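This is what each chain is made of:
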Amino acid sequence: MSTREEIRRPARALPFWLSLGMVPLAVLGATVGGWTVVLLPIYGWVAVTVLDAILGRNEDNPDVETPEADLFWYRLITMIWFPVQFVTIFGLIWWVTHTDHLGALETIVLFFGVGVISGTVGIVYSHELFHQKNKLEIALGDLLLSTVFYGHFHTEHLLVHHWYVGTPRDAATARYNEGFHHFFWRVLRDCPRSAWHAEKLLLARAGRSMWHRSNPFWRYGALQLAMIALAIYLGGWVGLALFVFQGFIAIWQLELTNYVEHYGLTREHKGEGKYEHVLPRHSWNASHMASNWLLINLQRHSDHHYKPDRRFPLLQTYTDEEAPQLPYGYPVMTTLAMVPPLWRRRMNPRVRAWRKKYYPEIIDWAAYNTGTNPMPAGSV
């Protein structure tokens with residue numbers, strides 16, 4: 001059987017439906033309480049990491065010419081996820097504010113787990129959806145982002161991150177020796193205004209002002225206000241607090257992932273604001289099997305940046321000769337990132353080796369380390 005014939009089989013897509021296992025765990029935690037409320041983060045981090053250790057890496061590359069019609073079962077899980085996540089979040093908000101068998105700590109841990117769902121799965125699926133040209137998929141992507149207060153991520157990711165990754169213009173490229181906690185607050189501060197500025201430039205080129213109805217920020221804001229109103233309607237101010245809390249946890253997980261994906265990797269400045277083209281070597285690659293199932297191949301990040309419009313089942317993995325490799329999957333690496341000394345001990349030698357391998361002619365890395373190289377031409 002050819003690779004193209006294999007990929008169209010529903011059984012081949014089934015492992016990417018691993019995310020649905022989180023929903024019954026959320027229901028179990030909400031109805032039983034006690035120790036069961038910790039099952040969600042255990043499933044998302046520990047169980048997947050154990051499976052990575054058992055199953056190893058998947059270094060097979062699917063046929064990139066596979067027609068979209070053969071990817072139905074892969075696309076379906078991303079397209080049904082918004083209603084699944086919507087019902088889970090708001091159903092649990094109603095439940096915990098109308099029952100009294102969960103204590104305060106149990107409720108907080110439960111909604112931490114809900115944030116694991118909306119961050120580890122929801123934002124990752126949103127990312128896949130808004131990269132497509134299909135209007136329904138783009139709309140579903142925006143709806144998912146509205147459940148975590150991060151609508152601007154759509155603009156920032158497409159108009160800034162993909163264009164300017166590895167340059168000072170991209171706040172989501174973590175600098176060498178920059179701890180995650182500093183990176184996190186820098187991104188929260190810089191990315192919303194960066195996205196606004198990117199839309200302003202795009203509208204100006206079309207002869208439109210920021211107040212024009214085509215500015216997607218009006219859509220982002222309206223969707224987020226609707227979600228806030230629903231949380232208050234279902235659960236009052238407690239419901240709103242829980243909604244905001246799970247959104248913050250989701251954003252924290254997204255930015256942990258962003259931190260890992262490009263830490264210390266920069267594009268060479270060619271002078272006069274010109275930078276080399278994005279190549280597979282400008283993203284950390286990971287081919288660990290189980291975590292790629294849960295994250296729909298997000299860890300094949302080198303290929304995603306090289307071919308941003310390629311759907312997740314067709315993303316390619318690379319050898320260590322073509323792209324830098326992470327030692328573990330994202331669940332382990334994001335945990336390490338929370339402890340900067342451990343992270344630097346593991347990753348700084350890899351960044352230095354990457355620099356020596358690809359850019360032996362660059363002697364002084366100070367401007368790259370501090371993000372003080374010139375902004376890319378045309379970006380400001």
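Residues numbered from 1 in each chain as written. Predicted model: local features only at pLDDT ≥ 70, side-chain atom pairs only at ≥ 80, totals over all residues. Heavy atoms only, no water.

**Re the nonpolar core**
For clarity, the cut-off: What makes a nonpolar core is a set of buried Ala, Val, Leu, Ile, Met, Phe, Trp, Tyr and Cys residues whose side-chain atoms join them at distances within 4.5 Å. In this scheme, a residue with accessible area under 20% of its type's maximum is buried, one over 50% is exposed, and one in between is partly exposed, where area comes from a 1.4 Å probe on protein chains only. A run of H or I in DSSP counts as a helix once it spans at least four residues, and a run of E counts as a strand once it spans at least two, with each numbered from the N terminus. Contacts were defined at the residue level, with two residues in contact if any of their heavy atoms lie within 4.5 Å.
Residues Tyr 259, Tyr 263 and Trp 343 are the most contacted members of the largest nonpolar core, which totals 88 residues. Top element by residues in this core is helix α10 (residues 216-262). It accounts for 13 residues. With near-sequence residues (within four places) excluded, Trp 343 lies in contact with Tyr 259, Val 260, Tyr 263, Met 333, Leu 336, Ala 337 and Asn 348.

**Points about the side chain of Arg 310**
The cut-off we apply is this: Between N or O atoms, a polar contact is any pair within 3.5 Å; within protein, one atom must be a potential hydrogen donor and the other a potential acceptor, and residues adjacent in sequence are included only when both atoms are from side chains.
In this fold, Arg 310 is placed in the loop between α12 (301-306) and α13 (330-337). A relative accessible area of 18% places Arg 310 in the buried class. At a separation of 2.8 Å, a polar atom in the side chain of Arg 310 contacts the side chain of Asp 303. If we ignore the near neighbours within four places in the chain, the residues touching Arg 310 are Val 64, Asp 303, Leu 315 and Gln 316.

**A few points about the packing of aromatic side chains**
Keep this limit in mind: Between 30 and 60 degrees the pair is tilted, below 30 it is stacked and above 60 it is edge-to-face, where a pair is any two Phe, Tyr or Trp rings, Trp via its six-membered ring, whose centres lie within 6.5 Å.
Counted under the stated rule, the structure contains 32 aromatic pairs. Arranged with centres 5.5 Å apart and planes meeting at 45°, the rings of Phe 82 and Phe 86 form a pair that is tilted. On the criterion of helical spacing, the pair formed by Phe 82 and Phe 86 is a turn pair, its members being four residues apart in helix α5 (residues 72-98). You can call Phe 86 partly exposed: its relative accessible area is 27%.

**Observations concerning helix α4 (residues 39-55)**
Note the following rule: What we call the bend at a residue is the angle made by axes fitted to the seven residues finishing there and the seven residues starting there.
Most pronounced at Val 46, the bend in α4 amounts to some 25°. Those residues of α4 that sit buried are Leu 39, Leu 40, Pro 41, Tyr 43, Gly 44, Val 48 and Asp 52. With its phi angle positive at about 75°, Gly 56 sits one or two positions after the end of α4.

**Some words on the packing of helix α8 (residues 152-164) against α10**
Counted only if it meets this: Geometry is summarised by axes, namely lines fitted to C-alpha atoms with helices restricted to the contacting stretch, and by angles between N-to-C directions that run from 0 to 180 degrees. An angle below 35 degrees is treated as roughly parallel, one above 145 as roughly antiparallel, one from 65 to 115 as roughly perpendicular, and anything else as oblique. Ten residue types, Ala, Val, Leu, Ile, Met, Phe, Trp, Tyr, Cys and Pro, are classed as nonpolar, four, Asp, Glu, Lys and Arg, as charged, and the remainder, Gly among them, as polar.
Here α8 crosses α10 at 25°, and the two axes come no closer than 10 Å. Classified by the angle their axes make, α8 and α10 are roughly parallel. Between α8, through His 152, Phe 153, His 154, Thr 155 and His 161, and α10, the contact on the second element is made entirely by Pro 216, Phe 217, Arg 219, Tyr 220, Leu 254, Asn 258 and His 262. Here the contact of α8 with α10 is built from residues that sort into five nonpolar, six polar and one charged.

**Side note on unusual backbone geometry**
Residues other than glycine seldom take positive phi values, yet Glu 272 does so here, at roughly 55°. Looking at where Glu 272 falls in the secondary structure, it is placed in the loop between β1 (269-271) and β2 (274-275). Relative accessible area serves as the criterion here: at 72%, Glu 272 is assigned to the exposed category. Notably, Asn 297 is not glycine yet its phi reads approximately 65°, a positive angle. As for its position among the elements, Asn 297 is in the loop between α11 (289-294) and α12.

**Some details on the packing of helix α6 (residues 104-130) against α8**
Which entries qualify depends on this criterion: Throughout, a crossing is termed right-handed when the near helix is turned clockwise from the far one, and left-handed when it is turned anticlockwise from it by less than a right angle.
In contact at an axis separation of 11 Å, α6 and α8 are set at 55° when each is read in the N-to-C sense. Classified by the interaxial angle, the pair formed by α6 and α8 is oblique. Helix-helix and strand crossings are classified by hand; for α6 and α8 the assignment is right-handed. Of α8, the residues touching α6 (which contributes Ile 123, His 127 and Phe 130) are Phe 153, His 154, His 157 and Leu 158. For the contact of α6 with α8, the class distribution of residues is four nonpolar, three polar and no charged.

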